[in-house]
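# Coordinate analysis (summary)
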Amino acid sequence: MESSSKLVVCISSTALFDCNESHTIWKRDGLEAYIKHQREHIGIPLKPGVGFSLVRSLLELNKVVDQPVVEIVLVSRNDTESGQRIRESINNYNLAITKMSFTDGTDVTNYLPAWKCDLFLSTEEEQVRKVLNGITSDSFEGIAAGLIYNMTPELVPVQPAVVPSDNSIIISSATSRRSNVASWAKDQVRIVFNGDGVLYSEEPESKITEHFEQETGSVLLTKGPMQAFALKLQNVRRALGGKNGWRIRTFLIIANTDTSSERVLCALKEWGLDIDETHILDGSDRTPFLRVIDPAIFFNYLNEHVEPIHQDIPAAHVPHSPRTTSCASIDDVALTTSRHVLRSSTYSEGDSRMNHWKNS
């Protein structure tokens, strides 16, 4: 498989698993107590974290092809010995994650280009912003970065299991509790993109605007922070082949009327980006639509739009801070599901070795 067809996701252990308990121990008792706790609990699997469901659903795609279309890399500031509990937890959940970096305090973002990372998910804001801003290296260009906030494991959403039987659809008990969730196929990864500020921006790209305007009478929209990621998903779906292409389904929600929907669709065509479903809401509430779609993740620009659906849908906040380039860049992504979890109390892998890592 061509490297351009494979999606590489680098995720921190605290984004993949719930580390609230060990975080509390570090806060209360310090670094040595944290390390001791991890070593003494090696045989007790960590509970799933916010990014767990997304990772698991992406890994399922590899089971239907000869060569993997998705690669998950575990990156952690833990030392190798302390990371044993993480490795044991990965094995406990049968996650096909075989590539890992345990850096013992070194900034894990240094290794993202070496891993050929497309998407970086972390609970450490400083690392995420470093990648998005390309502070130290142009090699961060094009890497999506997600800031994940912890939540209680009971709130981690899992896409419903739907299996065909006797020409009928049987929906799991998890789905039956949501009467407005559609009967989607099992193992389908559904990704929802908000329009403005996510897939596109109103700011025109000077290098191509003039020609496009002459041809269409409209100014082409700028590629948004998630445009390159959407194209990578499209490549992955093509690599799955016609028989399995249904396993990735993309959605576009155009919520406001500030941008002409025809202009948006024109831009998508110009970029060669195919979206399965487009919902032009014209100011209507997006929450009922999201509950029907029941996505693996929803990428959205404005945080206030994430709040109404935080109890049901894994949402990705995409604060847009465009770079001065005509190339598409992928900006800040924050997965959040609970407004009750304060950012200041979120566990960061850097916390447990703060004094050692602060200047690393």
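Residues numbered from 1 in each chain as written. Predicted model: local features only at pLDDT ≥ 70, side-chain atom pairs only at ≥ 80, totals over all residues. Heavy atoms only, no water.

### A closer look at the overall build of the protein
- Helices and strands together make up the secondary structure of the protein, namely 14 helices and 17 strands.
- The 360 residues of the protein split such that 52% are buried.
- For the protein, the share of sequence-separated contacts (at least 6 apart) that also reach a separation of at least 24 residues comes to 73%.
- With the model as given, the accessible surface of the protein reaches about 16,300 Å², and the carbon-plus-sulfur share is 48%. (Helix = DSSP H or I, 4+ residues; strand = E, 2+ residues; numbered from the N terminus. Buried < 20%, exposed > 50% of the residue type's maximum accessible area, 1.4 Å probe, protein only. Contact = heavy atoms within 4.5 Å. Areas by Shrake-Rupley, 256 points an atom, 1.4 Å probe, with all protein chains shown as cover.)

### Here we look at the packing of helix α2 (residues 20-29) against helix α3 (residues 31-40)
- Remark: α2 packs on α3, axes separated minimally by 7 Å, with the N-to-C direction vectors making an angle of 150°. With respect to their mutual orientation, α2 and α3 come out roughly antiparallel. Like other packed secondary-structure pairs, α2 and α3 cross with a definite hand, here right-handed. Between α2 and α3, the residues in contact are E21, S22, I25, W26 and D29 and L31, A33, Y34, H37 and Q38, respectively.
- Partitioning the contact of α2 with α3 into residue classes produces five nonpolar, three polar and two charged. (Axes fitted to C-alpha atoms, helices over the stretch in contact; angles between N-to-C directions. Parallel < 35°, antiparallel > 145°, perpendicular 65-115°, else oblique. Left-handed = near helix turned anticlockwise from the far one by under 90°. Nonpolar A, V, L, I, M, F, W, Y, C, P; charged D, E, K, R; others polar.)

### Let's talk about the pairing of strand β5 (residues 99-102)
- Note that strand β4 (residues 70-76) and β5 share four bridges and pair parallel. From the neighbouring strand, V75 faces β5, where its bridge partner is S101.
- The β-α-β motif built from β4, the intervening helix α5 (residues 84-92) and the parallel element β5 has right-handed crossover chirality. (Pairing = 2+ DSSP bridges. Right-handed = clockwise from strand over helix to strand, strands pointing away.)

### Some points on helix α4 (residues 52-60)
- The buried count for α4 comes to seven of nine residues, which makes it a mostly enclosed element.
- Along α4, the residues classified as buried are F52, S53, L54, V55, S57, L58 and L59.

### What to know about helix α11 (residues 261-271)
- For α11, the complete set of buried residues consists of S261, R263, V264, A267, L268 and W271. What you see down the axis of α11 is that its buried residues fit within an arc of 160°, all on one side. Opposite the packed face of α11, turned more than 90 degrees from it, sit the exposed residues E262 and K269.
- Next to the buried residues of α11 lie β11 (200-201), β12 (222-223), α10 (227-240), β13 (248-254) and β14 (277-280).
- Backbone geometry just downstream of α11 places G272 in the positive-phi region, at approximately 75°. (Arc of directions from axis to C-beta.)

### Section: the environment of I148
- Relative to the assigned elements, I148 resides in strand β7 (residues 144-148).
- Judged by relative accessible area, I148 falls into the buried class, the value being 0%.
- Each C-alpha atom of the pair I148 and E125 lies 8.6 Å from the other, and the pair is 23 residues apart in sequence.

### Brief notes about the pattern of salt bridges
- Tallied over the entire structure, the rule returns 14 salt bridges.
- Linking K63 and E60 is a salt bridge whose minimum nitrogen-to-oxygen distance equals 2.9 Å.
- On the basis of relative accessible area, K63 is assigned to the exposed category, the value being 62%.
- The salt bridge partner of R237 is D276, with a shortest N-O separation of 2.4 Å. With R237 in helix α10 and D276 in the loop between α11 and β14, this pair connects stretches of sequence that are 39 residues apart. (Salt bridge = Lys/Arg side-chain N within 4 Å of Asp/Glu carboxyl O.)

### Looking at the environment of W26
- Here W26 is to be found in helix α2.
- By relative accessible area, which is 16% here, W26 ends up buried.
- Residues W26 and H37 lie eleven residues apart in sequence; the distance between their C-alpha atoms is 9.4 Å.

### A look at the confidence of the model for the protein
- Taken residue by residue, the protein gives an average pLDDT of 74. The fraction at 70 or more is 68%.
- Across the protein, element-level confidence peaks in β4 with a mean pLDDT of 97 and bottoms out in strand β9 (residues 168-171) with 32.
- Confidence over residues 151-179 falls short of pLDDT 50; this stretch has 54 contacts with residues more than four positions distant or in other chains.
- Contacts from residues 204-210, a stretch scored under 50 in pLDDT, to residues over four places away or in other chains number 13 contacts. (pLDDT = per-residue confidence, 0-100.)

### Focus: the packing of aromatic side chains
- Enumeration according to the criterion identifies six aromatic pairs in this entry.
- Relative to F251, the ring of W184 has its centre 5.8 Å away and its plane inclined at 90°; by these criteria the two rings are edge-to-face. Taken together, the residues span a long stretch of sequence, with W184 in the loop between α8 (173-176) and β10 (189-194) and F251 in strand β13 at a distance of 67 residues. Of the two residues, W184 and F251, neither departs from the other in class, the shared state being buried.
- Counting every residue linked through ring pairs, the aromatic cluster contains F17, F52 and Y93.
- Above the face of the F102 ring, R87 is positioned so that its terminal group lies 5.4 Å from the ring centre. (Phe/Tyr/Trp six-rings, centres within 6.5 Å; stacked < 30°, edge-to-face > 60°. Lys NZ or Arg CZ within 6 Å of the ring centre and 35° of its normal.)

### Observations concerning unusual backbone geometry
- Although it is not a glycine, N94 sits at a positive phi angle of roughly 55°.
- Inspection of the secondary structure assignment puts N94 in the loop between α5 and β5.
- For K116, which is not glycine, the phi torsion reads 60° and is therefore positive.
- When you line up the elements, K116 lands in the loop between α6 (112-115) and β6 (119-122).
- Residue class for K116 comes out exposed when judged on its relative accessible area of 61%.

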